[in-house]
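A structural walkthrough
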Amino acid sequence: MFKRHRRLRNSKNIRNLVKDVYLDVADFVYPIFIEEGADIRKEIASMPGIYRYSIDRVEEELDEVWNLGIRSLLIFGIPKEKDEVGKEAYNDSGIVQEAVRYIKRLYPEMLVVTDVCMCEYTSHGHCGVLDENGYVKNDETLELLGKIAVSHAKAGADIVAPSDMMDGRVKIIREALDETGYKNIPIMSYSVKYSSAFYGPFRDAADSAPSFGDRKTYQMDYRSSWQALDEAREDLDQGADILIVKPALAYLDVISRLKDNLNAPIAAYNVSAEYSMVKACSQNGWVDEKDIVLEKIYGIKRAGATIIITYFAKDLARWIAEGI
Ligand code: PBG
């Protein structure tokens, strides 16, 4: 005797008919790293296939992304100058601001999301201004985050994505945007961001590893599940429009909890090590890259995220175009 489910698996057409999770190229946000300088196109050693570009070399990449149908980018900047307070982050002609202007000139219809944080801009690599004991000063950092968000909006960013995890940042950023005429710019907040070893390769990619200590005092502890919903609710109350859960794969329960309890679009950030681990395995011939990537991206979608920030976006777009 076959169970009903078994009957619904017995041919490809039936499996296709009863599936209820879909991937669409519009689901994906593709991260791009832009470095200040000229003639740079440098592969990130720990992230094969992902490059840092200077603005003068990024056109080819943008064309490729556009031609694959990807319409959303997340921009990270790597400045030449870093200092204690991350001044370059809110410089109106800083690297992110110039990159956004360039992308919008080339592809006005491309949705440009900017990462609002200080860790790529501070000499110590932490996500805010530090006190004499090396702790991040929350309230002093907030003011700077507001300035960063406004300078991104001024440059043409469509959405700002604060990733610093300071308390009260969504409210401050919302107010700063509203006061400067950017009422329409949504905030995609990294609401549920765990202190995670899965960011390792990113810190190579963006030169943002903390020079001492770690981020455990401001990023979340993965052993506490009760904090997730509170953090997300607080961000919504403060004016967040989209909630990010980060990383994705070890936190599918968190995605689904947010999905079941809140009414907001959820974005999952499929972070750097989640990419690099697949790359390393597939380069060794230990797994089939396409099968592995599809399985995990469908998993993220099934958990309840409708937006997926992923370094695999170009591959996924290709596979979707080929009929998966
Ligand atoms: C902070 C930021 C980080 C990532 C995205 N934004 C690093 C961190 O929080 O330490 C990590 C993304 C990834 O690992 O792919 N600006």
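Attention in this report is confined to the structure presented alongside it. If you're wondering where the values come from, they're calculated on a predicted model, not measured in any experiment.

Looking now at the overall build of the protein chain. What the protein chain contains, in helices and strands, is twelve helices and ten strands. In terms of overall dimensions, the protein chain is globule-like: its C-alpha atoms have a radius of gyration of 20 Å, near the 20 Å expected for 324 residues. Residue burial in the protein chain is summarised as follows: out of 324 residues, 55% are buried. Summarising the internal contacts of the protein chain: among those between residues at least 6 apart in sequence, 73% fall at separations of at least 24. When the accessible area of the protein chain is evaluated, it comes to approximately 14,900 Å², of which 48% is carbon and sulfur surface. Within the protein chain, one finds 42 positive and 52 negative side-chain charges whose respective centroids are separated by 8 Å.

One can describe the packing of helix H9 (residues 252–261) onto helix H11 (residues 289–303) by two numbers: an axis separation of 8 Å at closest approach and a directional angle of 30 degrees. Classed by the angle they form, the pair H9 and H11 counts as roughly parallel. Taking contact as the criterion, the partners of Leu252, Ile255, Ser256 and Lys259 in H9 are, on H11, Gly299, Ile300 and Ala303. Taken together, the residues that form the contact of H9 with H11 break down as four nonpolar, two polar and one charged.

The local shell around the ligand holds 19 residues, among which Lys193, Arg203, Arg215, Ser272 and Tyr311 are the closest. One nitrogen or oxygen atom from the side chain of Tyr311 is found 2.5 Å from an oxygen atom belonging to the ligand. Computed on the free molecule, the ligand has an accessible area of 400 Å², of which 100% lies beneath the protein chains in the complex. Broken down by secondary-structure element, the contributors of at least two residues to the shell around the ligand are strand E7 (188–193) and helix H7 (200–205). Here the shell around the ligand is composed, by residue class, of ten nonpolar, three polar and six charged.

The α-helix advances 3.6 residues per turn, and as a result positions three or four apart in sequence lie on the same side. Helix length check: H11 (15 residues) gives 21 Å between terminal C-alpha atoms against 21 Å at 1.5 Å per residue, within 8%. Every buried residue belonging to H11 is among Glu289, Val293, Leu294, Lys296, Ile297, Gly299, Ile300, Lys301 and Ala303, and all of these are buried. On its buried face, H11 sits against strand E1 (28–35), H9, strand E9 (266–270), helix H10 (272–283), strand E10 (307–310) and helix H12 (313–321). Between a side-chain oxygen at the N-terminus of H11 and the backbone nitrogen of Lys290 the separation is 3.2 Å; the capping residue is Asp288.

A contiguous nonpolar patch, built from Leu8, Leu17 and Val18 and spanning about 280 Å² of accessible area, is present on the exposed surface. Summarising the element assignment, Leu17 is placed in helix H2 (residues 12–18). With a relative accessible area of 70%, Leu17 lands in the exposed category.

This part covers the pattern of salt bridges. With the rule as written, the count across this model stands at 20 salt bridges. With a shortest N-O distance of 2.8 Å, Lys301 and Asp27 are connected by a salt bridge. Pair noted here: Lys301 is in helix H11 and Asp27 is in the loop between H2 and E1, with a separation of 274 residues, a long-range link. Taking relative accessible area as the criterion, Lys301 reaches 18% and is therefore assigned buried. Owing to a relative accessible area of 9%, Asp27 belongs among the buried residues under this scheme.

Attention now goes to a negative patch on the surface. Taken together, the side chains of Asp139, Glu140, Glu143, Asp167, Asp230, Glu234 and Asp237 make up a negatively charged region of the molecular surface. Listing elements by their share of the negative patch, those giving two or more residues are helix H5 (138–155) and helix H8 (227–238). For Asp139, the position within the fold is in helix H5.

Now for the nonpolar core. Ranked by internal contacts, the top residues of the largest apolar core, which has 110 residues, are Phe33, Leu73, Leu177, Val192, Leu258, Tyr269 and Leu316. Residue contributions to this core peak at eight residues, all from H5.

Attention shifts here to the pairing of E9. The buried count for E9 comes to five of five residues, which makes it a mostly enclosed element. Here E9 shows two buried faces, one formed by Ile266, Ala268 and Asn270 and the other by Ala267 and Tyr269. In this sheet, E9 lies alongside strand E8 (residues 242–246) in parallel orientation, the contact comprising three bridges. Bridge pairing in E9 places Val245 opposite Ala268. For the crossover that starts at E8, traverses H9 and ends in the parallel E9, the hand is right-handed. Pairing analysis gives four bridges linking E9 to E10, with the strands arranged parallel. Directly across from Tyr269, in E10, lies its bridge partner Ile309.

Attention now moves to unusual backbone geometry. In this structure, the amide linkage connecting Lys246 to the following residue, Pro247, adopts the cis form with an omega of -10 degrees. One non-glycine residue, Asp39, lies in the positive phi region at around 55 degrees. Mapped onto the elements of the fold, Asp39 is located in the loop between E1 and strand E2 (41–43). Within the chain, Met165 stands out as a residue other than glycine whose phi angle is a positive 75 degrees. Tracing the sequence through the fold places Met165 in the loop between strand E6 (159–162) and helix H6 (169–179).

Calculation criteria
Position numbers for residues start from 1 in each chain and track the written sequence from start to end. Totals for whole chains, interfaces and linings use all residues, but because this is a predicted model, local features are given only for residues with pLDDT of at least 70 and pairs of side-chain atoms are given and counted only at 80 or more. The side-chain values count all of the structure's non-hydrogen atoms but skip hydrogen atoms and water molecules. Every helix listed is a DSSP run of H or I at least four residues long, and every strand listed is a run of E at least two residues long, numbered separately from the N terminus. The size measure is the radius of gyration over C-alpha atoms, and the globule rule it meets is 2.2 Å times the number of residues to the 0.38 power. Using a 1.4 Å probe on the protein chains alone, a residue whose accessible area is under 20% of its type maximum counts as buried, one over 50% counts as exposed, and one in between counts as partly exposed. Residue contacts are counted whenever heavy atoms from the two residues lie within 4.5 Å of one another. Per-residue and other accessible areas follow the Shrake-Rupley method at a 1.4 Å probe size, with only the shown protein chains counted as cover for residues. When charges are counted, Lys and Arg contribute as positive and Asp and Glu as negative, whereas His and the chain ends are disregarded. Charge positions are represented by NZ for Lys, CZ for Arg, CG for Asp and CD for Glu. The axes are straight lines fitted to the C-alpha atoms, using for helices just the contacting stretch, and the angles between their N-to-C directions are given from 0 to 180°. Just so you know how the angles are binned, under 35 degrees is roughly parallel, over 145 roughly antiparallel, 65 to 115 roughly perpendicular, and the rest oblique. Polar here means any residue outside two lists: the nonpolar Ala, Val, Leu, Ile, Met, Phe, Trp, Tyr, Cys and Pro, and the charged Asp, Glu, Lys and Arg; Gly therefore counts as polar. Proximity is defined per residue: any heavy atom of the residue falling within 4 Å of a molecule or strand makes that residue near it. Throughout this description, a polar contact denotes any pair of N or O atoms lying within 3.5 Å of each other; where both atoms belong to protein, one of them has to be capable of donating a hydrogen while the other can accept it, and for residues adjacent in sequence the pair is counted only when both atoms sit in side chains. Expected span of a helix: the number of residues minus one, times 1.5 Å. What goes into a patch is any residue over 30% in relative accessible area without a salt bridge, connected to like charges within 9 Å or, for nonpolar side chains (Val, Leu, Ile, Met, Phe, Trp, Tyr), within 5 Å. One side-chain nitrogen of Lys or Arg within 4 Å of one carboxyl oxygen of Asp or Glu is enough to make a salt bridge. Nonpolar cores are built from buried Ala, Val, Leu, Ile, Met, Phe, Trp, Tyr and Cys residues. Side-chain atoms within 4.5 Å join them into one set. In this scheme, strands are said to pair when DSSP sees at least two bridges between them. Crossover handedness is defined here as right-handed if the route from the first strand over the helix to the second strand goes clockwise, with the strands pointing away from the viewer.

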